[in-house]
Amino acid sequence: MNKLLNFLFRWRRKLPRQTRDETSFNSEIQLEAILDTIVDGVIATDQHGIVQLFNPAAERLFGYRCEEIVGRNVSVIVPSPDQEAHDAYIANYLHTGIKKIIGTGREVKGRRKDGTVFPLYLSIGEARLGQKRLFVAILHDLTHRKQIEEKMLILSNAVQQSPNAVLIANREGVIEYINPSFTRLTGYRYEEAIGKSPSLLRAPHTPPEQFARLWRTLIPGGIWQEQIQDRKSNGELYWALETISPVRNAEGVVTHFLAIQQDITDQKRDKEALQESEQRFRQVAEMTGEWLWEQDPEGHYLYSSGAVRQILGYQPEEILGKSYLDLLTEEDRQHWTQNLPPAPKLQERFSRLVNRYRHRDGFEVFTESTGEPIFDAQGRLVKWRGVDHDITERKRQEDALRLRDRAIEASSVGISIADARQKHHPNIYVNSALSRITGYTRDELLGQSLQFLQGPDTDKESVEEIRRAMREGVNCEVVIKNYRKNGSWFWNELLISPVRDEAGKLSHFIGVQSDVTERLRAEVESHELEIAKQIQRSLLPKAPLDLEGFQVAGFCLPANHVGGDYFDYFHSSDALDIVIADVSGHSVGAALIMSEVRSALKAELRKSAAGQPGHHAAQILRSLNELLYDDLNGADLFITMFYLHYDLLSRQLVYANAGHNRALLLRENATSCQTLDAEGMILGVKKEVEFEEKTLPLKVGDKVLLYTDGITEAQNRSGEFFGDARLCRLFSSYKQESPQAVIAHLIETLCGYCDGRSFEDDVSMVVLKVV
């Protein structure tokens, strides 16, 4: 160093070269060459800090050229805060002689011409040349080494602070390093693991073929990575994702192995639990018939469970790649195509969506579908996962229930459902018909027992029968008098049926209620009419008469059960009396009036037979009107009647008419008939009435027809009446026929005219023929 300093001193003063000896000259040449080629910077300053020497390496370090820095204070290349203290340090040293860095070395910082600061290793020496001092600094650039050290520190800290366990072993498999995470994972402390083999982690159930794969990979220099089960220091097993890679030196020779373990015990457990859960779910879904599926964002099947076989008749692999739209019915396909956005844009969960699929065999299948969109980490739709539940049978039942409910609501009979488990059995359902029958609104009927429809005249025995049936939980059918909201009564045909739950316990009563008031009234009336029918039949003649001098026959066809028509004929030794009548109304009252007419008529005929004067046709009608007036007026009835008396000896016909149809007379030699009529008011309108009486002679072969308006007022399908003229023509055409034959022909023709339909009014007729 002193030799170097002397040289530097002389080199700086530029001594004449001829004063140097040959040896000194050669040394200086060598030293100058060294200064120019040395990689470290060399800077020499005087005792005032003025730069005397600045070699090429220093130029490269600081960015200054030699001529820019020589003669300037060296502090120009020293950064703060050392820059400000530099001159003071030299002065202190010169004054006290206390060395701090002179004669030693240390790391410092330098500042380049562009202002950047970089690390240096500084060594300073001192030379005395008489009274002069020269300080020489050798500076080594530490930038690259510092960068390497920093990288090494970062790498070391990364390994030390890594959450994954790190192990380094040499080629012989001896552990040389473990990081703290290794200790946390395995439980082995540093001193317990260093110098040991990694086999201390080996679990008893790790398959040997896994280690065989490991060495087959590492020996050629490859990188091995697998999931492996290892054992902690306390014997507890754990799962790790382990990566082992070789570490090579500068020559590429493998010197160590680096093992990194990531603890995946929880993930493994969670994954296994998830797989087990999914498998269990799939098994449950298979057992319950749930169809599990996955679709891509466009709706094409990626996965299908086996339940699709039972639901749609397809094998799972048959529908893979198909769109769900391909399996729907045409109606549903059009519906979803028109009402849903394109498949990739549909990204919202749907639940309990009812679909109609077409089974492989062609019939419709209803399912309830739920789907969940699956997104990746970037929020992109990856696929759909969902389940379909076959609700075909449930849908059929629901449709049947809806149809039943509509039928119940539309029913004309009242239907109620009562809760048998609650006191007084309140109604939980009533249909609209029950409201219509009772006059109470649905809200007024709900929560009530139908006992409140009973009233003062409700039969107690029927009530008790209902109570007994409900106590015993058996069927009950009664007809009971109930009362409407407005107080009016009606006959209720009530049918009560018990309903039991799955356990056989009584839960409800169903009541079916019909207003049968009109039906019962009709039944009563029908019964009365049947009685009246028997009365009427008993009043009519039992057979036609075919006696010396005349033939007579009659016929009555009631329009209903009881006719209002009546005819009769009475024969004595020298006379024949014939009557035909039409009583207004068709009821028992009319039949009783007929019975009364017949009794009164027989009484009048007895008077005539006793020889009382004036008892012919007109007098008989007058007497009948007087006798029947009060009864007819009280019953709001009236009678039309045509009465004739035929004297067998004189062959004189005497007749009178009380507002009845005119009789028809057909003479034996005539081609058409003539009408017989006389003035007279119908019976029952006025108490005192005079009747006109007419007389005419009859000859052999003459016929007389008495009839009611049921014949002439009968209508065909066009609404045309049969009429008097048609009757007259027909009667005239049967001139040679017997009375019975005439009646048969007329009835046959009349039925044909009406096309077999029932007559609107009673049809009665009597035919007299003189022989």
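Residues numbered from 1 in each chain as written. Predicted model: local features only at pLDDT ≥ 70, side-chain atom pairs only at ≥ 80, totals over all residues. Heavy atoms only, no water.

**Q** I'd like a rundown of the overall build of the protein, residues and numbers included.
**A** Within the protein, the regular secondary structure consists of 23 helices and 31 strands. Against the 2.2 N^0.38 benchmark of 28 Å for 771 residues, the protein shows a C-alpha radius of gyration of 67 Å, more extended than a compact globule. With the principal axes as the frame, the protein shows a C-alpha extent of 215 × 60 × 55 Å. Out of the 771 residues belonging to the protein, those deemed buried represent 42%. Pairs at least 24 apart in sequence give 51% of the contacts found in the protein among residues at least 6 apart. Counting only carbon and sulfur atoms, one obtains 52% of the accessible surface of the protein, whose full area is about 42,100 Å². (Helix = DSSP H or I, 4+ residues; strand = E, 2+ residues; numbered from the N terminus. Rg over C-alpha atoms; globule rule 2.2 N^0.38 Å. Buried < 20%, exposed > 50% of the residue type's maximum accessible area, 1.4 Å probe, protein only. Contact = heavy atoms within 4.5 Å. Areas by Shrake-Rupley, 256 points an atom, 1.4 Å probe, with all protein chains shown as cover.)

**Q** An account of the pairing of strand β1 (residues 41-46) is needed here, citing residue identities and associated values.
**A** The buried count for β1 comes to six of six residues, which makes it a mostly enclosed element. Residues of β1 alternate between two faces, with Gly41, Ile43 and Thr45 on one and Val42, Ala44 and Asp46 on the opposite face, all of them buried. The sheet contact formed by β1 and strand β5 (residues 132-141) spans six bridges and is antiparallel. When the sheet's bridge partners are listed, Ala44 is paired in β5 with Val136. The pairing of β1 with strand β2 (residues 51-54) spans three bridges and is classified as antiparallel. Bridge pairing in β2 links Thr45 to Val51. Linkage of β1 to β2, two consecutive antiparallel strands, is achieved through a turn of four residues, within which Gly49 is found at a positive phi near 85°. (Pairing = 2+ DSSP bridges.)

**Q** Break down the sheet that holds strand β30 (residues 703-707) for me, citing the residues and quoting the values.
**A** Spatially, β21-β22-β31-β30-β27-β28 is the arrangement adopted by the six strands of the open sheet, whose pairing is antiparallel. Taken across any chain shown, the strands that pair with only one partner, and hence form the sheet edges, are β21 (545-547) and β28 (674-676). Across this sheet, the average inter-strand angle for adjacent strands is 15°, counted without regard to direction. Strand direction decides the pairing type here: strand β27 (residues 663-666) and β28, joined by three bridges, are antiparallel. The residue bridging Ala663 from the neighbouring strand is Leu676, located in β28. Against the sheet, helix α22 (residues 724-733) touches β27, β30 and β31 (763-770), its axis set at about 145° to β30. Contacts from helix α23 (residues 739-753) reach β22 (550-557), β30 and β31 within the one sheet, and its direction differs from that of β31 by about 150°. (Axes fitted to C-alpha atoms, helices over the stretch in contact; angles between N-to-C directions.)

**Q** Can you break down the environment of Lys109 residue by residue, with the values?
**A** Within the secondary structure, Lys109 is located in strand β3 (residues 105-111). On the basis of relative accessible area, Lys109 is assigned to the exposed category, the value being 52%. Each C-alpha atom, one on Lys109 and one on Leu122, is 9.0 Å from the other, the two residues being 13 residues apart in sequence.

**Q** Explain helix α9 (residues 208-218) to me, using residue names and the numbers behind them.
**A** Within α9, the full set of buried residues consists of Gln210, Phe211, Leu214 and Leu218. Burial along α9 is one-sided: seen end-on, the buried residues are contained in an arc of 95°. In this structure, α9 carries Pro208 and Arg216 as exposed residues pointing more than 90 degrees from its buried face. (Arc of directions from axis to C-beta.)

**Q** So what's going on with unusual backbone geometry? Residues and values would help.
**A** It is generally the case that most residues other than glycine have a negative phi and that most peptide bonds are trans. Geometrically, the link from Ser80 to Pro81 is a cis peptide bond, its omega value of 0° lying close to zero. Inspection of the secondary structure puts Pro81 in the loop between α4 (66-69) and α5 (82-96). A positive phi angle, near 65°, is found at His424, a position not held by glycine. Since its relative accessible area comes to 54%, His424 is described here as exposed. At His425, a position not held by glycine, the phi torsion is positive, near 50°. Within the fold, His425 resides in the loop between β16 (414-419) and β17 (427-430). The class of His425 is partly exposed, set by a relative accessible area of 22%.

**Q** Which residues make up the state of the cysteines, and what are the values?
**A** This model, assessed by the stated rule, comprises one disulfide. Cys556 carries a free sulfur, and the closest cysteine sulfur to it, the one in Cys751, is 14 Å from it. (Disulfide = S-S within 2.5 Å.)

**Q** Explain the confidence of the model for the protein to me, using residue names and the numbers behind them.
**A** As a general rule, the predicted coordinates of low-pLDDT regions are not to be interpreted in detail. Here the protein averages 87 in pLDDT, while 91% of its residues score no lower than 70. Ranking the helices and strands of the protein by mean pLDDT puts β30 first, with 97, and helix α1 (residues 2-13) last, with 47. In this model, residues 11-20 is a region of pLDDT below 50 whose contacts with residues beyond four sequence positions or in other chains number 11 contacts. (pLDDT = per-residue confidence, 0-100.)

**Q** Can you lay out the packing of aromatic side chains for me, pointing to particular residues and giving the numbers?
**A** As enumerated under the stated definition, the model contains 11 aromatic pairs in all. For the ring pair Trp291 and Tyr301, a centre distance of 5.7 Å and an interplane angle of 25° mean the geometry is stacked. With Trp291 in strand β11 (residues 291-295) and Tyr301 in strand β12 (residues 301-304), the pair connects residues that are 10 residues apart, well separated along the chain. Taken as a pair, Trp291 and Tyr301 share a single burial class, namely buried. Pairing Phe350 with Trp384 gives two aromatic rings, centres 5.6 Å apart and planes at 35°, and the pair type is tilted. Taken together, the residues span a long stretch of sequence, with Phe350 in strand β13 (residues 350-358) and Trp384 in strand β15 (residues 381-390) at a distance of 34 residues. The exposure class of Trp384 is buried, given its relative accessible area of 5%. By way of ring pairs, the aromatic residues Phe54, Phe62 and Phe118 are connected into one cluster. The positively charged end of Arg112 is found above the aromatic ring belonging to Phe118, 3.8 Å away from the centroid. The aromatic ring of Phe366 is capped on one face by Lys395, whose charged end is 4.8 Å from the ring centroid. (Phe/Tyr/Trp six-rings, centres within 6.5 Å; stacked < 30°, edge-to-face > 60°. Lys NZ or Arg CZ within 6 Å of the ring centre and 35° of its normal.)

**Q** Which residues make up the pattern of salt bridges, and what are the values?
**A** Tallying each qualifying case throughout the model produces 39 salt bridges. The closest approach of N and O atoms between Glu107 and Arg145, which form a salt bridge, is 2.9 Å. With Glu107 in strand β3 and Arg145 in helix α6 (residues 143-161), this residue pair connects regions lying 38 residues apart in the sequence. A relative accessible area of 38% places Arg145 in the partly exposed class. By sharing partners, the salt bridges in this structure join Arg65, Glu67, Glu68 and Lys113 into a single network. (Salt bridge = Lys/Arg side-chain N within 4 Å of Asp/Glu carboxyl O.)

**Q** An account of the environment of Met681 is requested, with residue identities and associated values reported.
**A** Counting through the fold element by element, Met681 comes out in the loop between β28 and β29 (693-697). Taking the relative accessible area as the measure of exposure, Met681 reaches 36% and is therefore partly exposed. Along the primary structure Met681 and Arg729 are separated by 48 residues, whereas in three dimensions their C-alpha atoms are 28 Å apart. Apart from residues lying up to four places away in sequence, Met681 is in contact with Ala658, Gly659, Lys686, Val689 and Phe691.

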